[in-house]
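Survey of secondary and tertiary structure
One-letter residues, chain by chain:
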There are 2 protein chains.
Amino acid sequence: MSNAFIRRLDSVERLTKVERQAIAEATKNVQKVGARRAILREGDRNGGAHIILSGLACRYRILEDGSRQITDFLVPGDLCGCDYIAGADTGYSLAALSPCSFTHIDHQSLTVLMDRHPRIARALWSLALINEGVLREWLANVGRRPAVRRVAYLMSELCFRLLASESPRPSSCALPLTQIDLADATALSPVHINRVLGRLREKRFVSLQRRSIIVKDTEGLMSFAEFSGNYIQPRAHDA
Amino acid sequence: MSNAFIRRLDSVERLTKVERQAIAEATKNVQKVGARRAILREGDRNGGAHIILSGLACRYRILEDGSRQITDFLVPGDLCGCDYIAGADTGYSLAALSPCSFTHIDHQSLTVLMDRHPRIARALWSLALINEGVLREWLANVGRRPAVRRVAYLMSELCFRLLASESPRPSSCALPLTQIDLADATALSPVHINRVLGRLREKRFVSLQRRSIIVKDTEGLMSFAEFSGNYIQPRAHDA
DNA sequence: CGCGGTATTGACACTATTCAACATCAGTGG
DNA sequence: CCACTGATGTTGAATAGTGTCAATACCGCG
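The present account deals with the structure reproduced in this document. (Residues numbered from 1 in each chain as written. Chains lettered and ligands numbered in written order. Predicted model: local features only at pLDDT ≥ 70, side-chain atom pairs only at ≥ 80, totals over all residues. Heavy atoms only, no water.)

1. Let's talk about the protein's contact with DNA strand C
In the neighbourhood of DNA strand C, 18 residues make up the surrounding shell, with A:Gln179, A:Asn194, A:Arg195, A:Arg210 and B:Ser189 lying closest. Protein-adjacent atoms of DNA strand C, using a 4 Å cutoff, are sugar or phosphate at a proportion of 57%. For DNA strand C, a phosphate oxygen lies 2.8 Å from a polar atom in the side chain of B:Ser189. For the surface near DNA strand C, the secondary structure elements donating two or more residues are α7 (179–186) and α8 (190–202) of chain A together with α8 (190–202) of chain B. Broken down by class, the residue content of the surface near DNA strand C amounts to eight nonpolar, five polar and five charged. (Near = heavy atom within 4 Å. Polar contact = N/O pair within 3.5 Å; in protein donor to acceptor, adjacent residues only side chain to side chain. Helix = DSSP H or I, 4+ residues; strand = E, 2+ residues; numbered from the N terminus. Nonpolar A, V, L, I, M, F, W, Y, C, P; charged D, E, K, R; others polar.)

As structure tokens, then:
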């Protein structure tokens, strides 16, 4: 009667048993998809939202010239696809980076859920606002930081989010990303990413494997990147 | 009994008279501030949200090295500051670019408003999702587009939002931005912005004034930038 | 076993930055 | 009313950082 999504909502707005149950009911149809598979292609808008329950996915957009910009990573508990519900269409796609399980919730059910349970509505709103904060951080990262810092920062954030539920935070973390993925997320070229990773390896922050990157020293990387998770982690519930 | 914020909410979720009145009541204390003044400084978190009612403002963040990244522009009807309510702290500031009027709504009132009026809650959620879409667009813009296109795109979006309520769209639009503002929004250097603007002036899209930029041909600029407002403008209400 | 995506490395090109000098203008105080 | 000042805008030259191209290596998968 609990999944990553429920835990996420509960972390921003304490939910009652009834509320948790209502969410569980609405998200009970779990689908699975293999690594590197599409979850949602641009244009396929069926009016609902996707919720990642396990694995790592990314949302991206293809620009006019064919280049790809990854705009966010989705970790378990993340919700995606509601901009269509909001009436806009941002033309992105959604793909699994590692094997993922996810659920789909249609517009109608979500509306009912929010109308019946104000705390759920508030929690969803809070999640959207936190997402906004993350996007602002990405914007500043891509816009202003030089390549090495930029990559370090992005990996720090991803580690932070992937490990958010573990305490104490493990010192290592495997990121199922190719160098091309990293390039598309940081807006650098794959060639340059390769060189940047070389430097981060020299500093002993990461080690490289084919199709994945192991962060060996999360503390070191985060401090090098001057990363702080304040914009992600909600305050503890008021006492 | 109507202001830019009410109209904005109403455009994403049709509101009843009672709901509009409740919002009007909560946003009745209007403040004014001159051009180039701070509305909210980093660190001043009093736990509420600001709503821009007239004028143009921007939200920005100062990075470790002192550089500034503008992360969004706020046009009348826009809400800002709720990430703190969501429990996170993204450390930004808010400044007026032109003379602005705005109102402040505290955490408590907002919560009450959402709990009592599910449609308001949904509308706020929708606005947040649309904002997310805009931020993704900025990310792709800053990450992947070359300077001239990038600047053209940003100005297109800003014109689009400033003129959204006017129909037909006027062909010219004054943007109260210095070249430094533009640089901080597009993540380019002021010097380069100056050169880019020279080129856009040659193409007759804009004309330059001290401390402001006049877009003389909104259609031409938008088509040059390959801008489309689909990600901003909500669909018309279902029939 | 070969194929396709990925990773690595070097040489070179190019965009945008930095630095510097100077011009312009609005606002301010004498 | 004028001179001063500080922010903004403009231009050129040199440079740094990253992209592009190309060649090669690697490896999992069919």
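2. Considerations on the environment of A:Ala22
All names here are of chain A. You can see Ala-22 is positioned in helix α2 (residues 17–26). Note: C-alpha distance between Ala-22 and Arg-36 (14 residues apart in sequence) is 32 Å. Look past the residues within four positions of Ala-22 in its chain and what remains in contact with it is Leu-113 and His-117. (Contact = heavy atoms within 4.5 Å.)

3. Looking at helix α5 (residues 118–144) of chain A
Between its first and last C-alpha, α5(A) extends 39 Å over 27 residues, near the 39 Å set by a 1.5 Å rise per residue. Counting buried positions along α5(A) gives 24 out of 27 residues, so the element sits mostly inside the fold. (Expected span 1.5 Å × (residues − 1). Buried < 20%, exposed > 50% of the residue type's maximum accessible area, 1.4 Å probe, protein only.)

4. Observations concerning the protein's contact with DNA strand D
If you check the shell around DNA strand D, you find 17 residues, and the closest are A:Ala147, A:Ser189, B:Gln179, B:Asn194 and B:Arg195. For DNA strand D, the fraction of protein-proximal atoms (within 4 Å) that sit in sugar or phosphate groups is 65%. Take A:Ser189: an N or O atom from its side chain is 2.9 Å from a phosphate oxygen of DNA strand D. Take B:Asn194: an N or O atom from its side chain is 2.5 Å from a phosphate oxygen of DNA strand D. Elements represented by at least two residues in the surface near DNA strand D include exactly α8 of chain A together with α7 (179–186) and α8 of chain B.

5. Some words on the interface of chain B and chain A
Each partner contributes residues to the interface: chain B has 58 residues there, and chain A has 58 residues. Summed over both sides, the interface between chain B and chain A buries roughly 5,100 Å², with carbon and sulfur atoms accounting for 61% of that surface. Three residues, B:Trp125, B:Arg136 and B:Arg144, lead the burial of chain B against chain A; their summed loss comes to 17% of the area buried on that side. Applying the counting criterion to the chain B and chain A interface returns 10 salt bridges. A:Asp72 is paired through a salt bridge with B:Arg136; the nearest N and O atoms lie 2.9 Å apart. For the pair chain B and chain A, the interface holds 22 residue pairs in polar contact (both at pLDDT 80 or more). Elements with a contribution of two residues or more to the side of chain B that touches chain A: β4 (57–62), β5 (68–74), α3 (82–85), α4 (107–116), α5 (118–144) and α7 of chain B. The dominant element in the side of chain B that touches chain A, judged by the number of residues it contributes, is α5(B), at 21 residues. (Buried area = accessible area lost by both parts, 1.4 Å probe. Salt bridge = Lys/Arg side-chain N within 4 Å of Asp/Glu carboxyl O.)

6. Focus: the pattern of salt bridges
Pairs can form between side chains of opposite charge whenever their charged atoms are close. Under the counting rule described, the total for this entry stands at 40 salt bridges over all chains. As a salt-bridge pair, A:Arg36 and A:Asp181 come within 2.4 Å of each other at their nearest N and O atoms. Taken together, the positions of A:Arg36 in the loop between β1 (30–33) and β2 (38–40) and A:Asp181 in helix α7 put the pair 145 residues apart, joining distant regions of the chain. In the salt-bridge network here, residues are joined through shared partners; they are A:Arg36, A:Arg68, A:Asp181, A:Asp184 and B:Arg144.

7. Description of the sheet that holds strand β10 (residues 206–209) of chain B
Residues and elements named next belong to chain B. Spatially, the three strands line up as an open sheet ordered β9-β11-β10, and their pairing is antiparallel. For this open sheet the edge positions go to β9 (173–175) and β10, each flanked by a neighbour on one side alone. The mean inter-strand angle of the sheet, taken between neighbouring strand axes irrespective of direction, is 20°. Sheet topology note: the β9/strand β11 (residues 212–215) ladder contains three bridges and is antiparallel. The residue bridging Cys-173 from the neighbouring strand is Val-215, located in β11. (Pairing = 2+ DSSP bridges. Axes fitted to C-alpha atoms, helices over the stretch in contact; angles between N-to-C directions.)

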